[in-house]
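# Structural overview for review
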Amino acid sequence: MAHVSDLIASDIDAYLEAHEKKSLLRFITCGSVDDGKSTVIGRLLYESKMLFEDQLAAIEADSKKWGTQGGDIDFALLVDGLAAEREQGITIDVAYRFFSTDRRKFIVADTPGHEQYTRNMITGASTADVAVILIDSRKGVLTQTRRHSYLVSLIGIRKVVLAINKMDLVDYDEATFRRIDEEYRVFAAQIGLNDITSIPLSGLKGDNMVDRSDRMPWYHGPTLMAFLETCEIDESRLQAGPFRLPVQWVNRPNLDFRGFCGMIASGRVQPGDRIRVQPSGRESTVARIVALDGDRTQAVAGESVTITLADEVDISRGDLISGTQNPAEVADQFECTIVWMSDDALLPGRPYLMKIGTRTVNATVTEPKYKVNVNTMEHLAAKKLDLNEIGVCNIALDRAVAFDPYSASRETGGFILIDRMTNNTVGAGMLHFALRRAHNIHLQAVDVNKAARATLMGHKPAVLWFTGLSGAGKSTIANLVEKKLYAAGVHSYLLDGDNVRHGLNKDLGFTEGDRVENVRRVGEVAKLMLDAGLIVATAFISPFRSERALARSLVEEGEFIEIHVDTPLAVAEERDVKGLYKKARRGELANFTGIDSPYEVPESPDLRIDTTAMTSEQAADQVLALLRSKGVIPA
């Protein structure tokens, strides 16, 4: 239900047309616990006539059951929808609500105040134009207030309403308001927030929410609703920016039409404009702009359109169409800020999927340069990022992408990281700039390639990736395989886990992060040996599926052969040739796979070897039989 309008009864078509043409403001409310965020939103919904009679009746009943205002309506219950929120009187998840007035439509996100729900707040803030930061007038600027302000600045929101709430509890004292306002502005200037409007209000009593309060005659600024109705939104800024259209879909309904669909992220476009397709760099001219209502003479930021080009240009989903006068940058390595949103830590070297705009690529994050203590703004050394932590890192992609710095464009400078195994979103990031080496270092073309070397050697190159618990028999079987390959005249090399740790990886320990880096390095070395035409056998525990997936992704389809040396933990522990299990059981060896560190069993290996049912010799023969069946070595 929208606000009450006379047109609803007299001319519904005119009302709907006027409603459609209203601008839309997205804003968030945030602040410390119990600052009254949900109450303020509930009051806005109530005052804008956004409630049906049955909703009012329900909230009155809920107020008696869950409310904190005695017999009065508890407006917070309009937003706090989870049972846990009502029981504890706090916000946990992000709650979105729509409402409208005669002047504008609104989508408000009520974000949680607790530190453990930082990822929820980042989610709510990612699309907002304005942040309403609430402060309890009795408590003033708190640590959580500073933290949320930093996150607002980080996510790129530049307009802030400092809503100094619960003024009724300090007798509407002007000195209290001035003191909090001054203290906050000093802090806000340090993090780049300068566009601040301070409003004294009471969400519970309704003071300065919609109408000016008689209890605070000393305040001459706008009410909260008046500010939200009149503040400038990002549409005008985006429309004035350089043209950017991330391609979502290539529309080819027939042989005579080929259009490129997407929502314009920034700028404007007209037929006849010169454009550049990125990252390829090819240029053309806009022939037509097609929308739902037919051909257009112009399209601007925020509109979804289809454009056709004067030339046949190879464009696919994920490409970015830019104006030629101010095109986006193109690179494959960046410095960025990452907000980590997963219970599993961000580990340097672990592969993730990165989605930027409409393109998805493989990404690897390096060790964080530092993480940020969001309570003190202090930069701290870090080896990894845990849930809700924020850090500055370098990130490398497997291919170049078009981008703008996040400070210039949230749409083409923001990205998310996705876990390759679960497809869960695990992080959100903001690109700062391309690393210089991304522009200065290029792959050198060579005339003698992998295929030529393979022809010379008389067999195909391949990576034999032996994985399993310590003591499973990986090295023994891999060694027998190499001996049999050597006897057959096949060029091969064995990368053994213990041997590699004496040289290439001697600087690494056995923490989860070091194990990830260990496997990453071995995967890169195996790739080089594969390029030399060799059959490379690797014997490593490699306990994590994601790292084995990374090693597989480094080579071409069919070149990576995963061999699971499957031995039950009890059997491997009984063998214990090196005495490592005994040390781990005594607590002398930390992070030992199978004891206090997990082993993720391969879900679909190319070959599974049950060492309790066959000898090492028989296992090696199975591997060679597999290589022959795949055509890697001659039959």
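Overview of the structure. Note that the structure is a prediction, hence the values are computed from the model and not measured.

## Things to note about the overall build of the protein chain
In terms of helices and strands, the protein chain carries 20 helices and 29 strands. Expressed as a percentage of its 635 residues, the buried residues of the protein chain come to 52%. Long-range contacts, defined as pairs at least 24 residues apart, comprise 71% of the intrachain contacts of the protein chain with a sequence gap of at least 6. With the model as given, the accessible surface of the protein chain reaches about 29,500 Å², and the carbon-plus-sulfur share is 49%.

## Here's the deal with the environment of Arg 178
Mapped onto the secondary structure, Arg 178 falls in helix 8 (residues 174-190). Taking C-alpha positions, Arg 178 is 9.6 Å from Pro 200, a pair spaced 22 residues apart along the chain.

## Overview of the packing of aromatic side chains
Here the structure, examined in full by the defined rule, presents 11 aromatic pairs. A ring pair is formed by Trp 465 and Phe 540, whose centres lie 6.4 Å apart and whose planes are at 25 degrees; its orientation type is stacked. One end of the pair, Trp 465, is in strand 25 (residues 462-467); the other, Phe 540, is in the loop between strand 27 (535-539) and helix 17 (545-553), and 75 residues separate them in sequence. Taken individually, Trp 465 and Phe 540 each receive the classification buried, so the pair is uniform in this respect. The ring of Phe 544 is capped by Arg 350, whose NZ or CZ atom sits 5.0 Å from the centre of that ring.

## Section: the packing of helix 7 (residues 143-155) against helix 8
What describes two packed helices is the angle between their axes and the distance between those same axes. Orientation of helix 7 relative to helix 8, taken along the N-to-C sense of each, is 40 degrees, at an axis distance of 11 Å. Classified by the angle between their axes, helix 7 and helix 8 sit oblique to one another. Handedness of the crossing formed by helix 7 with helix 8: right-handed. Of the residues in helix 8, those touching helix 7 at Thr 145, Arg 146 and Ser 149 are Glu 183, Tyr 184 and Phe 187.

## Quick notes on the environment of Gln 618
Its location among the elements puts Gln 618 in helix 20 (residues 616-629). Measuring from C-alpha to C-alpha, the distance between Gln 618 and Ile 477 comes to 9.1 Å, with 141 residues separating the pair along the chain.

## Focus on the pairing of strand 11 (residues 274-278)
Relative to strand 12 (residues 282-291), strand 11 runs antiparallel, the two sharing four bridges. Opposite Ile 275, over in strand 12, you have Ser 284 as the bridge partner. Hairpin connection between strand 11 and strand 12: a loop of three residues separates the two successive antiparallel strands, and Gly 281 in this loop has a positive phi of roughly 90 degrees. Strand direction decides the pairing type here: strand 11 and strand 16 (residues 320-323), joined by four bridges, are antiparallel. Counterpart to Gln 278 in the pairing with strand 16 is Leu 320.

## Focus: the sheet that holds strand 3 (residues 104-110)
The mixed open sheet is built from six strands, whose spatial order is 2-3-1-4-5-6. Two strands in the sheet have a free side with no partner beyond their single neighbour: strand 2 (95-100) and strand 6 (195-200). When strand polarity is set aside, the average angle formed by the axes of neighbouring strands in this sheet is 25 degrees. As defined by bridge partners, strand 5 (residues 159-165) adjoins strand 6 across six bridges and the pair is classed as parallel. Residue Leu 162 lies in a different strand from strand 6, and its bridge partner there is Ser 198. On the sheet, helix 3 (residues 37-47) packs against strand 1 (23-31), strand 2, strand 3, strand 4 (130-136) and strand 5 and is oriented at approximately 150 degrees with respect to strand 1. Packed onto the sheet, helix 8 meets strand 4, strand 5 and strand 6 and runs at close to 160 degrees relative to strand 6.

## A short note on unusual backbone geometry
Of note, the bond from Gln 278 into Pro 279 is cis; its omega dihedral lies within 30 degrees of zero at 15 degrees. By secondary structure assignment, the location of Pro 279 is in the loop between strand 11 and strand 12. Despite not being glycine, Lys 166 shows a phi value in the positive range, around 60 degrees. Among the secondary structure elements, Lys 166 is positioned in the loop between strand 5 and helix 8.

## Digging into the pattern of salt bridges
Where charged atoms from two side chains of opposite charge come close, those side chains can pair. Within the structure shown, the criterion is met by 36 salt bridges. Across the pair Lys 371 and Glu 389 runs a salt bridge, and its minimum N-O distance is 2.9 Å. Residue Lys 371 is located in strand 20 (residues 370-373), and its partner Glu 389 is located in the loop between strand 21 (378-380) and strand 22 (390-403); the two are separated by 18 residues in the primary sequence. Here Lys 450 and Glu 556 are joined by a salt bridge, their closest N and O atoms 3.4 Å apart. One end of the pair, Lys 450, is in helix 13 (residues 450-457); the other, Glu 556, is in the loop between helix 17 and strand 28 (560-566), with 106 residues separating them in the sequence.

## Comments concerning the nonpolar core
Phe 27, Ile 28, Val 152, Tyr 184 and Leu 224 are the most contacted members of the largest nonpolar core, which has 66 residues in total. For this core, the element with the highest residue contribution is strand 4, accounting for six residues. Not counting the four nearest positions on each side in its chain, Ile 28 is found in contact with Ala 109, Thr 111, Met 121, Gly 124, Ala 125, Ala 128, Val 130, Ala 131, Val 132, Val 152 and Ile 157. With 27 residues, the next largest nonpolar core counts Leu 480, Ile 609, Val 632 and Ile 633 among its residues.

## A look at empty space enclosed by the protein
This model, assessed by the stated rule, comprises two cavities of 30 Å³ or more. The space that makes up the largest cavity amounts to roughly 120 Å³. Lining the largest cavity are 13 residues, and of these Gly 318, Leu 320, Ile 356, Gly 357 and Ala 402 lie nearest its centre. Elements that contribute at least two residues to the lining of the largest cavity include exactly strand 22 and helix 11 (410-413). Of the residues in the lining of the largest cavity, the class split is five nonpolar, five polar and three charged. As a volume, the second largest cavity reaches approximately 50 Å³. Forming the walls of the second largest cavity are Arg 26, Phe 27, Ile 28, Tyr 96, Ile 107, Val 108, Ala 109, Gly 124, Thr 127 and Ala 128. Secondary-structure elements contributing two or more residues to the lining of the second largest cavity are strand 1 and strand 3. For the lining of the second largest cavity, a count of residues per class yields seven nonpolar, two polar and one charged.

## Description of the sheet that holds strand 25
Strand order in the open sheet made by the five strands is 26-27-25-28-29, with parallel pairing throughout. Where the open sheet ends on each side, the last strands, each with one partner, are strand 26 (492-496) and strand 29 (607-610). On average, each strand axis in the sheet is tilted by 20 degrees relative to the strand beside it, whichever way the strands run. Across the sheet, helix 14 (residues 474-487) lies against strand 25, strand 26, strand 27, strand 28 and strand 29, angled at about 170 degrees from strand 26, the strand it touches most.

Analysis parameters
Residues numbered from 1 in each chain as written. Predicted model: local features only at pLDDT ≥ 70, side-chain atom pairs only at ≥ 80, totals over all residues. Heavy atoms only, no water. Helix = DSSP H or I, 4+ residues; strand = E, 2+ residues; numbered from the N terminus. Buried < 20%, exposed > 50% of the residue type's maximum accessible area, 1.4 Å probe, protein only. Contact = heavy atoms within 4.5 Å. Areas by Shrake-Rupley, 256 points an atom, 1.4 Å probe, with all protein chains shown as cover. Phe/Tyr/Trp six-rings, centres within 6.5 Å; stacked < 30°, edge-to-face > 60°. Lys NZ or Arg CZ within 6 Å of the ring centre and 35° of its normal. Axes fitted to C-alpha atoms, helices over the stretch in contact; angles between N-to-C directions. Parallel < 35°, antiparallel > 145°, perpendicular 65-115°, else oblique. Left-handed = near helix turned anticlockwise from the far one by under 90°. Pairing = 2+ DSSP bridges. Salt bridge = Lys/Arg side-chain N within 4 Å of Asp/Glu carboxyl O. Core = buried A, V, L, I, M, F, W, Y, C linked by side-chain atoms within 4.5 Å. 1 Å grid on protein atoms, 1.4 Å probe; cavity = no way out; pocket = protein on both sides within 12 Å on 5 of 7 lines; lining within 4 Å. Points joined across faces, edges and corners; volume = space filled by probe spheres on them. Nonpolar A, V, L, I, M, F, W, Y, C, P; charged D, E, K, R; others polar.

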